[in-house]
Amino acid sequence: SAVISQKPSRDICQRGTSLTIQCQVDSQVTMMFWYRQQPGQSLTLIATANQGSEATYESGFVIDKFPISRPNLTFSTLTVSNMSPEDSSIYLCSVEELGGSDTQYFGPGTRLTVL
Amino acid sequence: KQEVTQIPAALSVPEGENLVLNCSFTDSAIYNLQWFRQDPGKGLTSLLLIQSSQREQTSGRLNASLDKSSGRSTLYIAASQPGDSATYLCAVMVSSGGSNYKLTFGKGTLLTVNP
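Residues take numbers from 1 onward in each chain, read along the sequence in its written order. Starting at A for chains and at 1 for ligands, labels are handed out in the order in which the entities are written. Where local features are concerned, this predicted model is filtered to residues with pLDDT of at least 70; where side-chain atom pairs are given and counted, the filter is 80 or more; whole-chain, interface and lining totals use all residues. Side-chain numbers here rest on the full set of heavy atoms in the structure, without hydrogens or water.

Q: I would appreciate a short explanation of the side chain of Gln37 of chain A in the present structure.
A: Helix and strand definitions follow DSSP, with helices as H or I runs of at least four residues and strands as E runs of at least two, each counted in order from the N terminus. Here Gln37 of chain A shows up in strand E4 (residues 29-37). Throughout, a residue-residue contact means that at least one pair of heavy atoms, one from each residue, lies within 4.5 Å. Excluding residues within four positions of it along the chain, Gln37 of chain A makes contact with Ser42, Leu43, Ser89, Ile90 and Leu92 of chain A together with Gln38 of chain B.

Q: Could you clarify how one ought to interpret the environment of Gln28 of chain A in this entry?
A: With respect to the helices, strands and loops of the structure, Gln28 of chain A is situated in the loop between strand E3 (19-25) and E4. The sequence separation of Gln28 of chain A and Ala2 of chain A amounts to 26 residues, and the corresponding C-alpha distance is 8.8 Å.

Q: Help me understand the interface of chain A and chain B in this model?
A: The figure often quoted for interface size is the accessible area lost as the parts come together. At the interface, 21 residues of chain A touch 21 residues of chain B. Throughout, buried area stands for the accessible area (probe radius 1.4 Å) lost by two parts on being put together, summed over both. Counting each side, the surface lost to burial between chain A and chain B is near 1600 Å², with a carbon and sulfur contribution of 51%. When residues of chain A are sorted by the area they lose upon contact with chain B, Leu43, Asp102 and Phe106 of chain A head the list and together hold 26% of the total. Every case where a carboxyl oxygen of Asp or Glu lies within 4 Å of a side-chain nitrogen of Lys or Arg is listed as a salt bridge. Where chain A packs against chain B, one counts one salt bridge. A salt bridge links Glu58 of chain A to Lys102 of chain B; the shortest N-O distance between them is 2.9 Å.

Q: Got a minute to help me understand the environment of Gln41 of chain A in this structure?
A: Mapped onto the elements of the fold, Gln41 of chain A is located in the loop between E4 and strand E5 (43-50). Look at Gln41 of chain A and you get partly exposed, because its relative accessible area is 37%. For every residue, the accessible area obtained with a 1.4 Å probe (protein chains only) is divided by the maximum for its type, and the residue is called buried under 20%, exposed over 50%, and partly exposed between those limits.

Q: What am I meant to see in the state of the cysteines here?
A: Covalent bonding between the sulfur atoms of two cysteines is what defines a disulfide. Counting rule for disulfides: a pair of cysteine sulfur atoms within 2.5 Å. A complete count under the given rule lists two disulfides over all chains for this structure. Across a sulfur-sulfur distance of 2.0 Å, Cys23 of chain B and Cys90 of chain B are joined as a disulfide pair. Residues Cys23 of chain B and Cys90 of chain B are joined through a disulfide that is left-handed, its torsion about the S-S bond being -60 degrees. Pair noted here: Cys23 of chain B is in strand E3 (residues 19-25) and Cys90 of chain B is in strand E9 (residues 86-97), with a separation of 67 residues, a long-range link. Cys90 of chain B shares its class with Cys23 of chain B; the two are buried. We note that Cys13 of chain A lacks a disulfide partner, and the nearest cysteine sulfur, in Cys23 of chain A, lies 18 Å from it. Since its relative accessible area comes to 9%, Cys13 of chain A is described here as buried.

Q: Explain the sheet that holds strand E8 (residues 75-80) of chain A here, please?
A: Pairing between sheet strands relies on hydrogen bonds along the backbone, with the strands arranged either parallel or antiparallel. All names here are of chain A. Read from one edge to the other, the open sheet built from four strands follows the order E1-E3-E8-E7, with strand pairing classed as antiparallel. Strands at the two margins of the open sheet, each flanked by one partner only, are strand E1 (4-7) and strand E7 (68-72). Strand-to-strand, the axes of this sheet are offset by a mean angle of 15 degrees, without reference to chain direction. Two elements, E1 and E3, share four bridges in a ladder whose sense is antiparallel. Paired with Ser5 across the two strands is Gln24, which belongs to E3. The criterion for strand pairing is that DSSP finds at least two bridges linking the strands in question. Fitted lines through C-alpha atoms serve as axes, helices being fitted only where they are in contact, and the angles separating the N-to-C directions of these axes extend from 0 to 180 degrees.

Here is the structure:
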């Protein structure tokens, strides 16, 4: 199974600033996904990031607010832009392995608090 | 729009007890159903994946069933242990348009197993 790391593990930020979260995988993967988990809520998919193409965003999420990069098959970044307290959440990266069994593997998450 | 509901929201049992967690979904057009456990600071761990054509999957003390036509799944945990304490999440994989797909999650069941 893929091993995924995320940086930072947690951060406290001021409103109006931006934070970039990194996701590194120990093997090449086709699909990478970014999720948000707001306090007391279920995980919600923000976008799907495929290498070499623009990320696909879910309803309610836009590229200007959550720009994503996917420069190669093992790495992706998610930026949370112009943050407000409503952006306080856990952000999780997940992957599906090449030729995999549909199982998704998740990183440990980044806990973001916006003051 | 697919919605996933998990009952109960929280469950506390004594060690050794067998227990059942429930998951229901509103749209039967799913590719698969997955059960995860979430531990604080450790992200999500995949427990079981049931393809839409399957009825159940087993792994050790865990057994998951799927009744796609009625939109229900159960996770059975036998002989529960304190180490089973975690939040258990149910998720269904559905089409998100074109060739893309996504996981839709329930809010989870917080399980506490008391020694």
